[in-house]
Amino acid sequence: MASAPRSEKAAKRAARSSDPLRPSDHIDSAPEPPEPADGIAQPRLGAAGYLRFFWRQLTSMRTALVLLLLLALAAVPGSLVPQRSSDPNGVLQYERDNPDAFKVLDGLGIFSTFSSPWFSAIYLLLFISLVGCILPRTKHHLDALRARPPKTPARLARLVGYTEQTARTDAETAVAEARAVLRGAGYRVERYADSISAERGYLRETGNLIFHTALVGVLVAVGVGSGFGYSGQRVIIQDTAFTNSLASYDSFNPGRFFSDDALEPFSVRLDDFEGSYQLDPKSGAYQPIDFTAHLSTREPGGDWTDADLKVNSPLELGGTKMYLLSNGFAPVVTVRDPDGAVAFSGPVAFIPQDNNLRSLGVIKVPDGLDEQLGLLGFFYPDPMELADGTYTSVSPYPGDSSLLTLTVYTGDLGLDAGVSVNAYSLDVDELTQIAGPKADAPALELTQGQTAELPDGLGTIEFDGYQRFVGVEFHHDPTEGWVLVFALLILGGLLVSLFVPRRRMWVKATDDGTGTVRLEYAGLARGEDPGLAAAVAEVARKHAARLAPPNVG
Amino acid sequence: MTTETLAAYSLLAVYSAAAVYVLAFIASVVDLSRRSSDALATQPAASASAASSGSGTTVLAPPAPPSAAPPRSSRVARIAFALTVLGFAVHVLGLVLRGIAASRTPWANMFEFAVTGTAVIVGVYLAVNIFRNVRFLGAYITGLVALLLMLATMNVYVDVVPLPPALQSGWLVIHVFVATLGTGFFALGAGLSIAQLLQARREAGATGMRFLRGFPASDALENLAYRVNVIGFAFWTFTLIAGAIWAEHAWGRYWGWDTKEVWTFIIWVVYAGYIHARATRGWRGNPSAWLAIVGFSAVLFNFTVVNLFFKGLHAYSGLE
């Protein structure tokens, strides 16, 4: 810097007032004055002094950069181990597989990296630093927008793209034409004596500020949205209706400030479900092509209307969106006691295990029989017996041959303890198998309409048929639209701030008194501007063309 | 023609493209080695510093030839470039055939992503060459792409399968294409940053690496790397936003810290850091170049390791 030519330095100094404001360690800002030589006896910093010192540190480029890199680094563990937010079952699995490592990592909050104190600390500091940077910059920029382009430097020769030419005209005309050329190129112009000072690209700083402000906007909108929103999952079996209330959900994740009033009491009924598949002849596996759930929906006070729900196209009910997550079969069974009284009857959702919809499910019959009954079942839409006597499903299409196999247990199902129990799993450790591979009686095998005797004279079970079910998610996010708006502002601001050049240009005319004028052109880049020299040359060319019409030249 | 025949022709085209890229790589390496032996034929690298400071009549720069343009490229360099163009044409043909075979946009699994991504890397390299001569990166680009294509055909090849419901969306085309476009610019930017680091070492007095003589000066390389990376960053920002919009449609939330989302975010933050580093005193030059290289490494990691070994919703490698 010390060797920088004087005129450039002077130009920079003169220009600084309308420059974008930058942290002191920004490449475009003036270097700090060196510490006084007798710096050993530093003056004491008062409390305010310390605060100012830390604030300066926090809002410096270097701190922002370090925080950015820390943020990237801190996000890595969140991808290495399952997260409670996105993969709660994975977390449980991890706990089972590595109990020791789990304890340590869980203590560090690694399983909820993105809401952990250390991750939050980094991004909150980053955003404080950001706000501390954009507030003064915005004020400065608003002033700069009203400021006049700076005085023309005395010597242009050392600036970027310096060009000299002469024209047979007078200074007055030359300056007027230069003004017109620069104005036409989108510059803000100001005349100083026989020179024009011009500046353009204020939009660059505007874009930069919009980009950074919109980042804060996204953060705030996401925070508010997750605070007041909710999401919940629910399995809906064919011909049954779901009404949006807290008790209807299988699982529910409310935001911090959620209240029950936010649940709009709409209803949804699954009328039918269609899955279509394509057979891959090489692998013999079916690939899903399309899933459509035919629904009836009713908004509060309205009538039932038909609606289709597909993957990738959510349904909007009031301010809530509904998504198709999963689907499968729900075999309908009826369990009777020896006298024929019904102990259990209804469809039970079975969870698909593969693309051909071999499905696993649990039926629990706590009351009505001499003993509590637990059944672990497999449903095969298109069954085929394997060599070892087990079954598989060879297609996802159900038919008359669709098979339900059941392993039967008796014992305490643990439903009376008042602890919530997963409806889709059966803890068989405490139960006695009475039909199945480990019992005297073989597992039950039923096709539609068939009835089987339960062992030990407990009663009968009938496989009445099957229905479809869908797993759906309801999602309410009151600030989703705002997040999108801010995200688009981020993109727009970024494009403007990266690709609009901020530059100054000067045209100086010196009348040499013999009917010709010496014209000088030069530019100064404010930020990245690889095209500046070419832009100066272009202005010089246009200017010359206006001053020397073809008939004269 | 049946799907199988078309897919087979497509694979043949991809193999051929890889072979042509290997030839282009060899020619580029020969060109580089000639540059190092051909000491006086090309001018020292300082040439571009004058251009970067941009003043026409300046005496600021150290005594250096005023022209940034390298002398006429050698015959073997022209062959290398022609082979790259040919490889690109065959490569795109393979991609189009694959698309016709599947009757959909050919980016639904890891193999197709790889073929598309590498084609875009070469496409970006060729397109940037229209505006700036970056042929000195020919060996880097063709070597990288040939390697990736070979790995893709050997390790992640899958037959043509229909699009699963979760991918049936117009956003697939937009989101994935813009992501690969960003990747293409990041690849080129990383190459320029590597060249910049090597050149900076040479300028600091390191011996060896005489092939760098024909390369632009390190500050010119840095400026160019910055421009290329910034374009990549803009595309990457769009990828993030488009991905969030699509995720909102498909999964019911625009952001859920899925592993792929985490890595896309990490890459975005690293490149944001790169852009800040370049504007921070003490970080411009080599440190920021390292950040660009870290960023592209993260892109490669995201595409390979995260796709294949991490669990998540973006599990579309098509491999079991």
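All chains use their own residue numbering, which begins from 1 and follows the written sequence. Numbering of ligands from 1 and lettering of chains from A proceed in the order in which they are written. Residue-level local features of this predicted model are given only where pLDDT is at least 70; pairs of side-chain atoms are given and counted only at 80 or more, and the full residue set underlies all totals for whole chains, interfaces and linings. Water and hydrogen atoms were dropped before computing side-chain values, which therefore reflect all heavy atoms in the structure.

Examining the overall build of chain A
So, point 1. Here a strand is any run of E in DSSP of at least two residues, a helix any run of H or I of at least four, and the numbering for each starts at the N terminus. The helix and strand tally for chain A stands at 11 helices and 24 strands.
So, point 2. Radius of gyration: over C-alpha atoms. The globule rule applied is 2.2 Å multiplied by the number of residues raised to the 0.38 power. Whereas a compact globule of 553 residues would reach a radius of gyration of roughly 24 Å, chain A reaches 37 Å, over 25% beyond that.
So, point 3. Each principal axis of the C-alpha distribution contributes one length, and for chain A these read about 125 × 70 × 55 Å.
So, point 4. Note on exposure labels: buried denotes an accessible area under 20% of the residue type's maximum, exposed denotes more than 50%, and partly exposed covers the range between, all computed with a 1.4 Å probe on protein chains only. Per-residue burial for chain A yields a buried fraction of 45% across its 553 residues.
So, point 5. For chain A, long-range pairs separated by at least 24 residues make up 64% of all intrachain contacts whose partners lie at least 6 apart in sequence.
So, point 6. By element, 56% of the accessible surface of chain A is carried by carbon and sulfur atoms, the whole surface being about 27600 Å².
So, point 7. In this count, Lys and Arg are taken as positive residues and Asp and Glu as negative ones, while His and the chain termini are left out. Just so you know, the charge point we use is NZ for Lys, CZ for Arg, CG for Asp and CD for Glu. With 48 positive and 66 negative side-chain charges, chain A shows a spacing of 26 Å between the two charge centroids. In what follows, residue pairs with any heavy atoms lying within 4.5 Å of each other are defined as contacts. For accessible areas, the Shrake-Rupley method is used with a probe of radius 1.4 Å. Any residue's cover is judged against the shown protein chains and nothing else.

A few points about the overall build of chain B
So, point 1. What chain B contains, in helices and strands, is 9 helices and 0 strands.
So, point 2. Shown N-terminal to C-terminal, the secondary structure of chain B runs as helices and strands in the order α-α-α-α-α-α-α-α-α.
So, point 3. Burial analysis of chain B (320 residues in total) assigns 57% to the buried set.
So, point 4. For chain B, contacts bridging at least 24 residues in sequence account for 80% of all contacts bridging at least 6.

Structural notes on the domain arrangement of chain A
So, point 1. Assigned domains of chain A: these are domain 1 (48–139), domain 2 (159–201 + 503–551) and domain 3 (230–476).
So, point 2. When each unit is reduced to the centre of its C-alpha atoms, the spacing between domain 1 of chain A and domain 2 of chain A is 51 Å. Delimitation of the domains relies on an automatic or database domain assignment.

Describing the side chain of B:Asn229
So, point 1. Mapped onto the secondary structure, B:Asn229 falls in helix 7 (residues 218–251).
So, point 2. Setting aside anything within four residues of it in sequence, one finds B:Asn229 in contact with B:Phe185, B:Phe186, B:Gly189, B:Ala190, B:Ser193, B:Tyr271, B:Tyr274 and B:Ala292.

Remarks on the interface of chain A and chain B
So, point 1. Contacts between chain A and chain B engage 66 residues on the former and 59 residues on the latter.
So, point 2. Between chain A and chain B, a total of about 5000 Å² is buried, with carbon and sulfur atoms accounting for 67% of that surface.
So, point 3. Note that B:Glu248 and A:Lys321 form a salt bridge whose closest N and O atoms lie 3.0 Å from each other.
So, point 4. No other element matches the 11 residues that helix 10 (residues 480–499) of chain A contributes to the side of chain A that touches chain B.
So, point 5. Residue polarity is assigned by list, with Asp, Glu, Lys and Arg as charged and Ala, Val, Leu, Ile, Met, Phe, Trp, Tyr, Cys and Pro as nonpolar; anything else, Gly included, falls into the polar class. In the side of chain A that touches chain B, the residues fall into 40 nonpolar, 14 polar and 12 charged. Here the buried area means the combined drop in accessible surface, using a 1.4 Å probe, for two parts upon being joined, counting both sides. Take a side-chain nitrogen of Lys or Arg and a carboxyl oxygen of Asp or Glu: if they are within 4 Å of each other, that pair is a salt bridge.

Points about the environment of A:Leu317
So, point 1. As for its position among the elements, A:Leu317 is in strand 10 (residues 315–317).
So, point 2. Residues in contact with A:Leu317, not counting those within four places in the same chain, are A:Glu264, A:Phe266, A:Val268, A:Thr297, A:Glu299 and A:Met322.

Describing the pairing of strand 12 (residues 342–347) of chain A
Residue and element names in this part refer to chain A.
So, point 1. For two strands to be treated as a pair, DSSP must find no fewer than two bridges joining them. Of the pairings in the sheet, the one linking strand 11 (residues 320–336) to strand 12 comprises 5 bridges and is antiparallel in character. For arginine 336, the partnering residue across the bridge sits in strand 12 and is valine 342.
So, point 2. Between strand 11 and strand 12, which pair antiparallel and follow one another directly, the connecting turn spans 5 residues, one of which, glycine 340, has a positive phi of 95°.

Re the packing of aromatic side chains
Residue and element names in this part refer to chain A.
So, point 1. Classification of ring pairs rests on two measures: the distance between centres of Phe, Tyr or Trp rings, Trp counted by its six-membered ring, which must be within 6.5 Å, and the angle between planes, read as stacked under 30 degrees, edge-to-face over 60 and tilted in between. Taken as a whole and assessed by the stated rule, the structure comprises 43 aromatic pairs over all chains.
So, point 2. An angle of 90° between the planes, with centres 5.2 Å apart, marks the rings of phenylalanine 114 and phenylalanine 119 as edge-to-face.
So, point 3. Accessibility expressed as a relative area gives 2% for phenylalanine 119, which makes it buried.
So, point 4. An aromatic cluster is present here, built from Tyr230, Phe242, Tyr249, Phe252, Phe258, Phe266 and Phe474 joined pairwise through their rings.

A closer look at the sheet that holds strand 5 (residues 241–243) of chain A
All names here are of chain A.
So, point 1. Taken together, 4 strands build an open sheet; the order of strands is 5-7-8-9 and the sheet is antiparallel. One side of each edge strand has no neighbouring strand; the edge strands of this open sheet are strand 5 and strand 9 (305–310). In this sheet, neighbouring strand axes are inclined to one another by 35° on average, regardless of whether the strands run parallel or antiparallel. Inter-axis angles, ranging from 0 to 180 degrees, are taken between N-to-C directions of lines fitted to C-alpha atoms, where helices are fitted over the stretch in contact.

Focus: the packing of helix 6 (residues 170–203) of chain B against helix 9 (residues 286–309) of chain B
All names here are of chain B.
So, point 1. Direction vectors running N to C along helix 6 and helix 9 enclose 145°, while the axes themselves pass 9 Å from each other. The handedness of the crossing between helix 6 and helix 9 is left-handed. Two secondary-structure elements touch here, helix 6 through Thr183, Phe186, Ala187, Ala190, Ser193, Ile194, Gln196, Leu197 and Ala200 and helix 9 through Asn286, Ala289, Trp290, Ala292, Ile293, Phe296 and Val299.
So, point 2. Its residues placed into classes, the contact of helix 6 with helix 9 shows 12 nonpolar, 4 polar and no charged. Handedness of each helix crossing follows the sense of rotation of the near helix against the far helix: counterclockwise by less than a right angle gives left-handed, clockwise gives right-handed.

Some words on the side chain of B:Ser169
So, point 1. Summarising the element assignment, B:Ser169 is placed in the loop between helix 5 (138–155) and helix 6.
So, point 2. At 3.0 Å, the side chain of B:Ser169 forms a polar contact with the backbone nitrogen of B:Trp171. The term polar contact refers here to a pair of N or O atoms within 3.5 Å; inside protein, the definition further demands a hydrogen-donor-capable atom paired with an acceptor-capable atom, and it admits residues adjacent in sequence only when both atoms are side-chain atoms.

Topic: unusual backbone geometry
Residues and elements named next belong to chain B.
So, point 1. For serine 103, which is not glycine, the phi torsion reads 45° and is therefore positive.
So, point 2. Inspection of the secondary structure assignment puts serine 103 in the loop between helix 3 (75–102) and helix 4 (110–131).
So, point 3. Residue serine 103 is classed as exposed on the basis of its relative accessible area of 65%.
So, point 4. Of note in the backbone geometry, tryptophan 257 takes a positive phi value of approximately 55° without being a glycine.
So, point 5. Relative to the elements of secondary structure, tryptophan 257 occurs in the loop between helix 7 and helix 8 (259–278).

Things to note about the sheet that holds strand 2 (residues 188–192) of chain A
Residue and element names in this part refer to chain A.
So, point 1. Sheet architecture is open: 5 strands sit in the order 1-24-23-3-2, paired in antiparallel fashion. Both outer strands of the open sheet, strand 1 (160–167) and strand 2, are each paired with one neighbouring strand and no more. Direction aside, the axes of adjacent strands within the sheet are offset by 15° on average.
So, point 2. With respect to the sheet, helix 8 (residues 171–184) is in contact with strand 2, strand 3 (195–200), strand 23 (503–511) and strand 24 (517–525), its orientation differing from that of strand 23 by roughly 165°.

A short note on helix 7 of chain B
Residue and element names in this part refer to chain B.
So, point 1. By definition here, a helix of n residues has an expected span of 1.5 Å times n minus one. Compared with the 50 Å implied by 1.5 Å per residue over 34 residues, the 46 Å span of helix 7 between its first and last C-alpha is a close match.
So, point 2. When you tally the buried positions in helix 7, you get 26 out of 34 residues, the bulk of the element.
So, point 3. Note on helix 7: the residue one or two positions beyond its end, glycine 252, has a positive phi of about 85°.

Examining the packing of helix 5 (residues 88–97) of chain A against helix 6 (residues 99–107) of chain A
To describe two helices that pack against each other, one gives the angle between their axes and the distance between the axes.
Residues and elements named next belong to chain A.
So, point 1. Closest axis-to-axis distance for the helix 5/helix 6 pair is 5 Å, and the angle between their directions is 125°. Put simply, helix 5 runs oblique to helix 6. Two secondary-structure elements touch here, helix 5 through Val91, Tyr94, Glu95, Arg96 and Asp97 and helix 6 through Pro99, Ala101, Phe102 and Leu105.
So, point 2. Counted by class, the contact of helix 5 with helix 6 contains 6 nonpolar, no polar and 3 charged residues. For this classification, under 35 degrees means roughly parallel, over 145 means roughly antiparallel, 65 to 115 means roughly perpendicular, and everything else is oblique.

Observations regarding a nonpolar patch on the surface
So, point 1. On the surface, a nonpolar cluster with roughly 420 Å² of combined accessible area is contributed by A:Leu45, A:Tyr50, A:Phe53 and A:Phe54.
So, point 2. The topology assignment puts A:Leu45 in the loop between helix 1 (6–15) and helix 2 (47–58). Within this analysis, patches are made of residues with over 30% relative accessible area and no salt bridge. Like charges are joined at 9 Å or less; nonpolar side chains (Val, Leu, Ile, Met, Phe, Trp, Tyr) at 5 Å or less.

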